[in-house]
Each structure stands twice: as C-alpha cells, then as structure tokens.
Amino acid sequence: MGMSIPECLGQLDIRKGVVGLATGAGAIYLLYKAIKAGIKCQPPICTNSPICIARECPGPGERALPPEAPASEASSVGGPKGLAIERERHGRDSGELRRLLNSLECKQDEYAKSMILHSITRCVYLLEAEASACTVDDIRLVGCMLDDKDNSVKIQALNTLKAFSGIRKFRLKIQEHSIKVLELISTIWDSELHIAGLRLLNNLPLPDFVHPQLRRVMPSLMEILQCDYILAQVQAIRLLSYLAQKNDLLYDILNCQVHSNFLNLFQSTQPGSLLFEVLVFAERLSEGRNVPHYRAVKWHYNEQSLHEALFGDESRLADRLLALVIHPEEDVQIQACKVIVSLQCPQDLRPRPSCQPSSSFFNCGE
C-alpha cells in the first residue's frame, strides 16, 4: 500500500473514533425517540370499574387527561379536568360521587359492590360539597346493601352510612337502619362487622323506638365487650356507656349476665384506651344506680349479673381500682378516682359535708 505501520495504526484509530461517535449519537437518538413516544402515548381507556377518586375519569369510552397536562385546561366537550379534590376546592363538581352511586344501582358482583362502597365512603369524607348534594334515596340505596349475603358488602355499607352520618340532614334517615344494624351485630360473629356497626351506632343519637331491640341485643353487646379484640371492645363499651345513661335501660344492663372473669377488664395490663372506657362505664353505672328514683325500687339481680360482678358483696372491684390509681397513664388514674368517689358516696348525698367514706366502697347510703 506504500504506508508504514505507524501510519496504518493512526488511520485505524481515527476510524474507530468516527464509528464510536456514530454509535453514541445513534443511541442518543433512539433514546430520544423512545422518550418522545412515551410522552405522546395515550392512557388506557377508562371503564366502569371502581377508580381512585384522586384521578379524573371523564366517562366510559373517553380517555383520561395525561399526567403532564395542566388541570385548568378545558376539554373540547367542556368536561372538567384535573383532580376531583382540586375541582371541588375551586367550586366545581367532579361528578365522581354521583357516578359511583349510579354504578351501585347496576347489577354488580360482591367484590365490585364492596369496592364501589369503599370508594363512595372515601368520596363522602373528601368531597364534602358533593356528599351534601346527595339525597335520601342515595342513603336508601346504601342501606339496601345491608341485606347483601356477603359480609364484606355489609361492612362497607356500614362504613358508608357512618360517613354519611356526619351530614346532619341524613341522620334521621340513617337512624331508620338502627334496628337492622343491631340485628347484624347480634346475629353475625364477625369482629370487623362489629366494629363497623358499633362505630355507626356510636355516631348516631339512638331514638326511643330502638330501645326494645337494644334490650334484646344486650347479651350480645356484653359478649363483644368480653372478647379479645380491643377495637371491638372499645366500640362496645362506648355504646354501653351511652345506654347506661338511659333510665329505662339501666336495669337491663346491670342484670345482664357476664363471665366470671369480667373484672379482668380492670387489670392494669389492659391497654389504656380500653381501661379508660371501662372506667367511664363503671362510673356511669354507679351514678345511675345511686339516683333516688332508682334506689327507691328494690331490684333483683341474677348471681352472674354485671351488678354482682361490680357492686355485689363478693366483688373485688375495689382492689382493681386501687391498683389503677397508680397507673402510668394520668387519664386512667383520674377516672379510677372518679369511680371510687362515685362508689363511696351516692349522688344525692355528695353535696352534704356530713357524707363520710365508709369501710365499704359499695354500701354507703344504702
């Protein structure tokens, strides 16, 4: 060829550099093409399935807004764009809650109904204006789900009613389902259902027409209180504390049968949240049985009753209360002292300076 070896090597290095540059440029170009294609590609078409309320789904067969598009951009057909919560914040109705309620009316399987109810519950909590715009017919529709054969649907329906119960205008309508809720709690032994049902009842003022049903389910409420599931126990004791303030239900509560180890609920090893609620319950029972019109009647209690466990001659409640006075949590300490005071001195005698603590916690003034 007429070239020396060094010249050939130099020429080879130049060619390698050119090839390398071409290869690098090609790779960059391909990467650019891939990114550009990814940006331009359309999101999947929306369906009628339950969706996250934070994303906008304009409707069946339409395409959702690409993530990078500004929320203020208007669609060609005038539909709203952007986050459902953001639109409500600016006074615009996303229509999300209405679409979910409409889809609940359609024939759905148990899983779909459960997911739709879950999404409705979230909407009610997050989209206040849309929730307030709902009607009693919507409450009736959700209430019908309590008759579903699947427990998960019942639980989600209870959660949805609980969410709607925060809106004053729906409370009377939701109260109509109180008897059904009590029936579910007393006939189905499911902790999650108990929690959902009791949370709903604790968020409602229970009318007098529910009292006969409450008497019938009192043993079930007491069983839930004595189970080993803290969340259910707390909800049950809150309801019982509320009912203990009803004069016509006090005897039914006190005469309800309990387990022989009922006072274990007052052990210092129990969670503080449960201990506090149990002590509030005990204080309200003690105050209720000490009012003059209740003490004027000679009541008879069965040997395994709540009254005998707490206030009977063989009760060890005093020992448990004294141990709780030095509990690490201040709220528990204070509430234990309140119970001790209520046991030592009947309500009608407390204002009198002559009322002195007796040697027994239970028999002062009786």
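Residues numbered from 1 in each chain as written. Predicted model: local features only at pLDDT ≥ 70, side-chain atom pairs only at ≥ 80, totals over all residues. Heavy atoms only, no water.

For the chain, the name recorded in an unreviewed UniProt entry is Armadillo repeat-containing protein 12, with Chrysochloris asiatica as its organism.

(A) Seen up close, the layout of surface pockets. There is about 270 Å³ of room inside the second largest pocket. Contributing to the lining of the second largest pocket are 16 residues, with Ser260, Glu303, Ser305, Glu308 and Ala309 lying nearest its centre. When grouped by side-chain class, the residues that make up the lining of the second largest pocket number four nonpolar, seven polar and five charged. (1 Å grid on protein atoms, 1.4 Å probe; cavity = no way out; pocket = protein on both sides within 12 Å on 5 of 7 lines; lining within 4 Å. Points joined across faces, edges and corners; volume = space filled by probe spheres on them. Nonpolar A, V, L, I, M, F, W, Y, C, P; charged D, E, K, R; others polar.)

(B) Region of interest: the environment of Leu182. Tracing the backbone through its elements, the reader meets Leu182 in helix α9 (residues 178–187). Relative accessible area serves as the criterion here: at 1%, Leu182 is assigned to the buried category. In this view, Leu182 contacts Leu201, Val210, Gln213, Leu214 and Val217; residues no more than four positions away in its chain are not counted. (Helix = DSSP H or I, 4+ residues; strand = E, 2+ residues; numbered from the N terminus. Buried < 20%, exposed > 50% of the residue type's maximum accessible area, 1.4 Å probe, protein only. Contact = heavy atoms within 4.5 Å.)

(C) Focus on the side chain of His194. Positionally, His194 belongs in helix α10 (residues 191–202). Classification of His194 as buried rests on a relative accessible area of 2%. Reaching out from His194, the side chain makes a polar contact with the backbone oxygen of Ile188 at a distance of 2.8 Å. (Polar contact = N/O pair within 3.5 Å; in protein donor to acceptor, adjacent residues only side chain to side chain.)

(D) Structural context of the pattern of salt bridges. This structure, assessed with the given rule, holds 11 salt bridges. A salt bridge links Asp137 to Arg140; its shortest N-O distance comes to 2.3 Å. Within this pair, Asp137 and its partner Arg140 are both found in helix α6 (residues 136–144), separated by three residues, close to a single helical turn. On the basis of relative accessible area, Arg140 is assigned to the partly exposed category, the value being 37%. Between Arg316 and Asp319 there is a salt bridge, and its shortest N-O distance comes to 2.3 Å. Judged by its relative accessible area of 52%, Arg316 is exposed. Classification of Asp319 by relative accessible area gives partly exposed; the value is 37%. Beyond isolated ion pairs, a larger network of salt bridges with shared partners links Asp147, Lys180 and Glu183. (Salt bridge = Lys/Arg side-chain N within 4 Å of Asp/Glu carboxyl O.)

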